[in-house]
Amino acid sequence: MHHFKRLAASTAVVLCASGALAQDSITVAIQLEPPNLDPTSGAAQAIDSVLYANVFEGLTRFDADGAIIRGLAQSWDISEDGLTYTFNLAAGVTFHDGTTMDAEDVKFSLDRARAEDSTNAQKALFADIADVTVIGPLVVQVTLSKPNGMFLFNMAWGDAVIVAPESIDTIATNPVGTGPFAFANWVQGDRLELARNDSYWGAAPALETATFRFISDPTAAFAAMMAEDVDVFVGFPAPENLPQFAADPRFQVLNGNTEGETILAMNNQREPFDNPLVRRAVTHAIDRQAIIDGAMFGQGTPIGTHFAPHNPDYVDLLANSQFDPDLSRSLLAEAGLADGFTTTLKLPPPSYARRGGEIIASQLRAVGIETEITNLEWAQWIEEVFTNKDFGLSIVSHTEPMDINIYANPDYYFQYDNADFRAVLEDLNATTDPAGRSALLAQAQTIISEDYVNGYLFQLGVATVARAEITGLWVNQPTAAVDLTGVSWGN
Amino acid sequence: MSRNLIIGAGLTAFFTGLAALSFLWTPYDIEVLDIPNRLLTPGGAHLLGTDHFGRDILSMVMMGARTSIAVALVAVGIGMGLGVPLGLWAAARRGSLLDDVIMRGNDLVFAFPSLVIAILITAVFGPSAVNAIIAIGIFNIPVFARLTRGAALPLWERDFILAARVSGKGAARISAEHILPNIANLMIVQGTIQFSLGILAEAALSYIGLGAQPPTASWGRMLADAQTLVSIAPHVALIPGFAILLTVLGLNLLGDGLRDWLDPRIRVVRT
């Protein structure tokens, strides 16, 4: 009896202790580790995944549904001609190093991003800014060279966050922002820790500390989640394991959409893909549902153009490239390739590409197109496919939001060169009224669909696996972000 | 004949037979994917079930046997073809500078962990079955060279070699006509062991994506593909795993059995 009492008492202590510990700290896993911690120069999405909305904030920001809401700018006025934006900044905002955030910092950040020698990965976001003027300590005026209907959207990107001149030199290893969490520690190859910023200007987050871990191997991801080594996995890499988590009362599975248009990229300047008939033949050879089922275990929405289906301006163009192997064969014959041809298929690591690649290779073989599959690591893929354009076919998911403008760049890796399309996009950039923009976006989507620039496969889904008690996680990924501001253990 | 030899020969014959049969016939075409019928359990139309693409696993195992055996066989061939002559040459010129150069060169190759260098080779020259063969083959060379030299050295002191030398035969001719036949047993046994190691190495390389590329079937890649499916469809991972296990076990038993059977000293003791 005596024994039993002691045992019961110690158990109670242990229970209390673990309960108390679990309240305000969280371990989040994502697939890739950021190469550095500067969202204003690095192109890697993992940087934003860790830092966006947690450590860094911009003038505006994306909310969980992808809408543009206030960020450091609490309000703004747009002049009649659409050229002048006057931002009123939030008062009492300090950076994590104690320096104040004011209009000078905004001017510094925007001027730095749009400068001639800027290394910003998305310089196009800032291309229309003609001038940034400090009106008062908390008022800044941005003048555009031409009206840009996307300006507030552009300012919400992770590449447009506000940084301080005092801490800019060490930003790549010690990021200093204004967000609800401050950077605490980064053990490269292992984990990155954030701690609550107690002098945050906005609503204080529920979590005290957050640890990010980086697990790209699907088997390791499954094991880490099952063992509860991590509390949340954003972008779980093995869709085949999701039903198991959904059936387990310890976990919840959030199936969301992303801005990731997954495409079979074709090298438009390389034979035989310079012939639209061949490109069209390729798209008709592809059975999208087989790829979604076989590679993604059903997670994904078919797309007929390079545009996110959850966007209200999306046009359903799937009919242009329906699965029809006979049509594909006759198109190849018309292009003078009745006997088919051989090309390369270069695949980056994610399972949508590796598994999808095997399925596509099999589907193309059925119409006479032989592919030599090469599996590449991301660094090799960037070099061979993206930079040197040495490929015939490749599969990749374009996860930037509203990125149809990549088709206006003839140097972009798939090398689509169409002056009519560029004219439509120029009109789009100059148009601010919503109806006009919708019409132009529809036109742009239709052009690239009917030109069969690439094989448009499916919109990549994102699965977040989390402990059942956790609330406040983003379901969708309107931008690469793991926003912990509203996350708590739900009690 | 020992039991080991019979079991080993049986298993080896079975998998070699599967590989040979795959040239003529497989139950299904593994290049055709059948997504709606994926992850079927063994039995019915698919004797060993289907994988995550709906491919017939029995057909995959047969095609994979062909890849494994072809890679290992050619790799052992490279090792024997270069290693045995090198070893014979070193033995014929024992004690000379040439002997030193050959044997220290072997030590150099031995000094590196073989799989790590195989990974390096396939990473530099690109993953493919051919590069896997070369990578595995290179590491078979010193194994055979060393064994050959070791076995040939005492033979050079024997009277019948002396007789051959007196009759005016050159070192090369003596090596080919007198030394080689006397060490052939050893080479066959070692070849069997290296063959099983070659199959393991091929599986390891394809497991990490550096072996034969899809759509060529490979046991190692079947394992890697099935890894995340273990909890929902264990047979997809177990079957290629058992194929590797049984083939390697068979070859090792065969090697052991052959050694006992071919070694005259042990045979005398037994009879």
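Residues numbered from 1 in each chain as written. Chains lettered and ligands numbered in written order. Predicted model: local features only at pLDDT ≥ 70, side-chain atom pairs only at ≥ 80, totals over all residues. Heavy atoms only, no water.

Caption draft 1: Fine view of the confidence of the model for chain A. The predicted model of chain A averages 89 in pLDDT, with 95% of residues at 70 or higher. The model gives residues 1-22 of chain A a pLDDT under 50, and that stretch makes one contact with residues more than four places away or in other chains. (pLDDT = per-residue confidence, 0-100. Contact = heavy atoms within 4.5 Å.)

Caption draft 2: Representation of the pattern of salt bridges in the model. Residue and element names in this part refer to chain A. Evaluated as defined, the whole model comprises 32 salt bridges over all chains. Residue R196 is joined to D198 by a salt bridge in which the shortest nitrogen-to-oxygen separation is 3.6 Å. Taking the relative accessible area as the measure of exposure, R196 reaches 25% and is therefore partly exposed. Of the residues examined, D198 reaches a relative accessible area of 67% and is grouped as exposed. (Salt bridge = Lys/Arg side-chain N within 4 Å of Asp/Glu carboxyl O. Buried < 20%, exposed > 50% of the residue type's maximum accessible area, 1.4 Å probe, protein only.)

Caption draft 3: Representation of the sheet that holds strand β7 (residues 139-144) of chain A. Residues and elements named next belong to chain A. With antiparallel pairing, the four strands of this open sheet are ordered in space as β4-β5-β7-β6. One side of each edge strand has no neighbouring strand; the edge strands of this open sheet are β4 (73-78) and β6 (129-136). If you compare each strand with its neighbour and ignore which way they point, the axes differ by 20° on average. Across six bridges, the pairing between β6 and β7 is antiparallel. Within β7, the position partnered with V132 by the bridge is V142. Across the face of the sheet, helix α3 (residues 103-114) comes into contact with β5 (84-89), β6 and β7 while running at roughly 170° to β6. (Pairing = 2+ DSSP bridges. Helix = DSSP H or I, 4+ residues; strand = E, 2+ residues; numbered from the N terminus. Axes fitted to C-alpha atoms, helices over the stretch in contact; angles between N-to-C directions.)

Caption draft 4: Fine view of the interface of chain A and chain B. Every contact between the two is made by 18 residues of chain A and, on the other side, 18 residues of chain B. Carbon and sulfur atoms make up 54% of the area that chain A and chain B hide from each other, which totals about 1700 Å². Considering only the side of chain A, the residues that lose the most area to chain B are A:F297, A:E358 and A:R365, jointly responsible for 30% of the buried surface there. Where chain A touches chain B, the interface holds two salt bridges. B:R55 is the salt-bridge partner of A:E358, the closest N and O atoms lying 3.4 Å from each other. Remark: the boundary between chain A and chain B carries nine residue pairs in polar contact (both at pLDDT 80 or more). Of the residues assigned to the side of chain A that touches chain B, the class counts are seven nonpolar, six polar and five charged. (Buried area = accessible area lost by both parts, 1.4 Å probe. Polar contact = N/O pair within 3.5 Å; in protein donor to acceptor, adjacent residues only side chain to side chain. Nonpolar A, V, L, I, M, F, W, Y, C, P; charged D, E, K, R; others polar.)

Caption draft 5: Broad picture of the nonpolar core. Formed by 64 residues in total, the largest nonpolar core has its most connected members in A:L264, A:I395, A:I404, A:Y407, A:Y413, A:F414 and A:F421. In terms of residue count, helix α10 (residues 351-365) of chain A provides more of this core than any other element does, six residues in total. Apart from residues lying up to four places away in sequence, A:Y407 is in contact with A:I263, A:H306, A:F414, A:Y416, A:F421, A:I448, A:V453, A:N454 and A:Y456. Among the nonpolar cores identified, the runner-up in size contains 50 residues, and B:F15, B:V84, B:F144 and B:L251 belong to it. (Core = buried A, V, L, I, M, F, W, Y, C linked by side-chain atoms within 4.5 Å.)

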